[in-house]
Amino acid sequence: RLEFTITLILVQLIYISMLSTKCLNRIIKKYAISMTVLESTVSTSINKRIPSNGLTLDTALITQQPELVISHLLARRSNKETIEENINKIGSLRLQRNSLIVESDAAKGQRKTLSAEIGKLMKSGNNDEIIRLKGLVDQANEISLKADEKLKEVDDNIDKILSYLPNLLDDRVPDGDDDSQNVQIHSWGDDLRKIGSNYLWHDEIANHLGLLNIEAATKIAGSRFSVLMGDLARLERALISYFIDFHTSRGYTEVSVPYIVTRSTLQGTGQLPKFEDDLFKVNHIVGGEDAFLIPTAEVPVTNIYRDQILDQHQLPIQHVCYTPSFRAEAGSHGRDTRGLLRQHQFHKVELVKICTPETSNDEHEKMTIDAEELLKSLDLPFRRMLLCSGDIGFSARICYDLEVWLPGQQAYREISSISNCYDFQSRRMSLRYKAI
């Protein structure tokens, strides 16, 4: 009866980007990507992924090292034509951006010079020259305003393209097409596995005990929902409490968060704009924006710190949070949806860590061990899998899956994903820290 309720675990790790709080240097950098080089890069073998060495995905990297970015997108099995189109667009927009910055700065510089000249002429009373110069100031103002308007439009277009690009890959991520090529790191409790053909699925056990009512859920809300009864409902509630208490005893701070979030909140963690079809949208406007039911507690928990500059001494921040999760999972109808699998609504306990880049890998390993220790405390056999490039999530740079042995299926099934997103999410939500 534990094998399906244990799906409450999901963990997530992000670290804060080391973004400067000062304005970016607006000196034009050399940019040249010939179509010949681009086509040659796109055709490069996926197996020749260029090491990322902890670099950050931004427009500077895309324009200065396009072959690196392309190799990672290809390793993720992204569409070749889409890659080429997006890289070309960003390159072209960067050139426009640099040109507009020069145009705007030149006009502002001219305005400043002319204003100084007008000030001097005011003392001499040369009104005709003052009128002429004021006309030139107005022209400079108009040029500057138009250039700034176009610059904002270009920046918006760049941000839109970037919002659809997934994270770079950690150099430890193996190449592969799908979950069949994930790599096992280790396993635990092999001798505890129940092996044989006489074990029932979780829904068979629950139905025999009269504790699961799928028909009632379908009547209430449609397919892929469930009603838990009696001891099964109590068991789920007990496991939620046990999970939270287990992790608070290991240094995590419990938080309780809203179950409805805004569009910008989901953009910060990477669910939007690409995965909108997998979300449940609500009818009402919230905070002046479209709103959605949360697909995971990761979304509201990480966004607690959006648009903040934290002090280094506050890190690492460690949170544990229970919420229901709501996922439409468009396109998965009829695929692996038996019993409580792939439900539109399910309960989950989430772990989130926010830390510095220097401690990121260590904190990721610690979080994985925290999840493993919980499974060990329940005597649930599991294995740790390192996800390959074709199976890893959009925001993750490296990810471990913990798969528990399910006797009814005679197979390991993923019940926990522990991802390190590096600075991918923190940049999207403008989360920074001040070094001591």
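Residues numbered from 1 in each chain as written. Predicted model: local features only at pLDDT ≥ 70, side-chain atom pairs only at ≥ 80, totals over all residues. Heavy atoms only, no water.

> Let's hear about the packing of aromatic side chains: which residues, and what values?
This structure, assessed with the given rule, holds six aromatic pairs. Relative to Phe 394, the ring of Phe 275 has its centre 5.3 Å away and its plane inclined at 85°; by these criteria the two rings are edge-to-face. Of this pair, Phe 275 sits in the loop between helix H9 (263-269) and strand E5 (291-293) while Phe 394 sits in the loop between strand E9 (382-386) and strand E10 (398-406), and the two are 119 residues apart along the sequence. Overall, Phe 275 belongs to the partly exposed group, its relative accessible area being 28%. Where Trp 405 meets Tyr 412, the ring centres are 5.2 Å apart and the plane angle is 70°; that geometry is what we call edge-to-face. (Phe/Tyr/Trp six-rings, centres within 6.5 Å; stacked < 30°, edge-to-face > 60°. Helix = DSSP H or I, 4+ residues; strand = E, 2+ residues; numbered from the N terminus. Buried < 20%, exposed > 50% of the residue type's maximum accessible area, 1.4 Å probe, protein only.)

> An account of the pattern of salt bridges is requested, with residue identities and associated values reported.
If you walk through the whole model with that rule in mind, you get 25 salt bridges. Lys 281 is the partner of Asp 290 in a salt bridge, and the nearest nitrogen-oxygen pair spans 3.4 Å. On the accessibility criterion, Asp 290 (26% relative accessible area) is partly exposed. The class of Lys 281 is partly exposed, set by a relative accessible area of 47%. Here the salt bridges do not stand alone but share partners, grouping Arg 263, Glu 276, Lys 281 and Asp 290 into one network. (Salt bridge = Lys/Arg side-chain N within 4 Å of Asp/Glu carboxyl O.)

> Outline the state of the cysteines, supporting the account with residue identities and numerical values.
If you walk through the whole model with that rule in mind, you get zero disulfides. Looking at the unpaired Cys 399, the closest cysteine sulfur is the one in Cys 421, lying at 8.5 Å. (Disulfide = S-S within 2.5 Å.)

> Could you give an account of the nonpolar core, with specific residues and numbers?
If you look at the biggest cluster of nonpolar residues, it comprises 24 residues, and the most contacted ones within it are Leu 57, Ile 62, Val 69 and Leu 165. If you list the elements that add at least two residues to this core, you get helix H2 (59-64), helix H3 (66-75), helix H4 (80-124) and helix H5 (127-163). Sequence-distant contacts of Leu 165, that is, excluding residues within four places in its chain, are made with Leu 57, Ile 62, Leu 73, Asn 86, Ile 90, Phe 394 and Phe 424. The next biggest cluster of nonpolar side chains, apart from the first, holds 21 residues, and it includes Leu 375, Leu 378, Phe 382 and Ile 415. (Core = buried A, V, L, I, M, F, W, Y, C linked by side-chain atoms within 4.5 Å. Contact = heavy atoms within 4.5 Å.)

> Outline helix H7 (residues 214-221), supporting the account with residue identities and numerical values.
Here H7 starts with a cap whose side-chain oxygen sits 3.3 Å from the backbone nitrogen of Glu 215, and that cap is Asn 213. Once H7 ends, the next one or two residues include Gly 222, with phi positive near 100°. (Polar contact = N/O pair within 3.5 Å; in protein donor to acceptor, adjacent residues only side chain to side chain.)

The values are spatial; any link to function lies outside them.
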